Amino acid sequence: QVQLVESGGGLVQTGGSLRLSCAASGRTFSNHAMGWFSQAPGKEREFVAVISRGGGSTAYADSVKGRFTISRDNAKNTVYLQMNSLNPEDTAIYYCAARPTTLYTACPRSGYDYWGQGTQVTVSS
């Protein structure tokens, strides 16, 4: 069982930055790939970024490549999402998620078992 708590959301102007954090409970954090997903009003939840259990591999949605960076600190059981050059289309609730993986470099974009409660990100124009 993994429990996830996101923080760091808020209101920012276009072009601004935010850093989201996701703190995980449990001693098996390092066995899980960690993902970030977003859900805008009236839309389906969609993949944003993922980092492998060891932190050596990452993958991003095309819409955030070059602007967002995912990282993790296994000693602190925490995953981060650095969001730069934000625009109003990034406005959404952001969720972190965990999925156990056997492959050290796996970066799954679906099939996550554990989810946080989400943190709101609002980008004003």
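In this text the structure is predicted, and so the values were computed from the model without any measurement.

A. Spatial organisation of the overall build of the protein. What the protein contains, in helices and strands, is zero helices and eleven strands. Listing the helices and strands of the protein from first to last along the sequence gives β-β-β-β-β-β-β-β-β-β-β. For the protein, whose C-alpha radius of gyration is 13 Å, the value lies close to the compact-globule estimate of 14 Å for 125 residues. Projected onto its principal axes, the C-alpha coordinates of the protein cover approximately 40 × 25 × 25 Å. Within the span of the protein, comprising 125 residues, buried residues form 46% of the whole. Taking the intrachain contacts of the protein between residues at least 6 apart in sequence as the baseline, contacts between residues at least 24 apart amount to 60%. Carbon and sulfur atoms provide 46% of the accessible area of the protein, an area that totals close to 6,300 Å². Distance between charge centroids for the protein: 8 Å, based on 11 positive and 8 negative side chains.

B. Geometry of the side chain of Ser21. One can find Ser21 in strand β3 (residues 18-24). Once residues within four sequence positions are removed from consideration, Ser21 is found in contact with Val5, Glu6, Ser7, Trp36, Thr78, Val79 and Tyr80.

C. Seen up close, the pattern of salt bridges. Counting across every chain of the model gives two salt bridges. The salt bridge partner of Asp62 is Lys65, with a shortest N-O separation of 3.2 Å. With respect to class, Asp62 is no different from Lys65; both count as exposed.

D. Layout of the layout of surface pockets. A volume near 220 Å³ is recorded for the largest pocket. Ser38, Glu46, Glu89, Asp90 and Tyr94 are the residues nearest the centre of the largest pocket, which is lined by 17 residues in total. Of all the elements in the fold, those that place two or more residues in the lining of the largest pocket are β4 (32-39), β5 (46-51) and β9 (92-100). Ranked by the residues each element gives to the lining of the largest pocket, the list is headed by β5, at three residues. Its residues assigned to classes, the lining of the largest pocket shows seven nonpolar, four polar and six charged.

E. View of unusual backbone geometry. Unlike most non-glycine residues, Asn77 shows phi in positive territory, near 50°. With a phi close to 50°, Ser85 is a non-glycine residue in the positive phi region. Mapped onto the fold, Ser85 is located in the loop between β8 (78-83) and β9. Here Ser85 falls in the partly exposed class, since its relative accessible area comes to 44%.

F. Inspection of the sheet that holds β8 at higher detail. If you walk across this open sheet you meet the four strands as β1-β3-β8-β7, and the pairing is antiparallel. Only two strands of the sheet have a single partner each, and these edge strands are β1 (4-7) and β7 (68-73). When the angles between neighbouring strand axes are averaged without regard to direction, this sheet yields 15°. Judged from the six bridges that link them, β3 and β8 form a sheet pairing that is antiparallel. Bridge pairing in β8 places Cys22 opposite Val79.

Calculation rules
Residues numbered from 1 in each chain as written. Predicted model: local features only at pLDDT ≥ 70, side-chain atom pairs only at ≥ 80, totals over all residues. Heavy atoms only, no water. Helix = DSSP H or I, 4+ residues; strand = E, 2+ residues; numbered from the N terminus. Rg over C-alpha atoms; globule rule 2.2 N^0.38 Å. Buried < 20%, exposed > 50% of the residue type's maximum accessible area, 1.4 Å probe, protein only. Contact = heavy atoms within 4.5 Å. Areas by Shrake-Rupley, 256 points an atom, 1.4 Å probe, with all protein chains shown as cover. Lys, Arg positive; Asp, Glu negative; His and termini not counted. Charge placed at Lys NZ, Arg CZ, Asp CG, Glu CD. Salt bridge = Lys/Arg side-chain N within 4 Å of Asp/Glu carboxyl O. 1 Å grid on protein atoms, 1.4 Å probe; cavity = no way out; pocket = protein on both sides within 12 Å on 5 of 7 lines; lining within 4 Å. Points joined across faces, edges and corners; volume = space filled by probe spheres on them. Nonpolar A, V, L, I, M, F, W, Y, C, P; charged D, E, K, R; others polar. Pairing = 2+ DSSP bridges. Axes fitted to C-alpha atoms, helices over the stretch in contact; angles between N-to-C directions.

Purely spatial values, then, with no claim about function.
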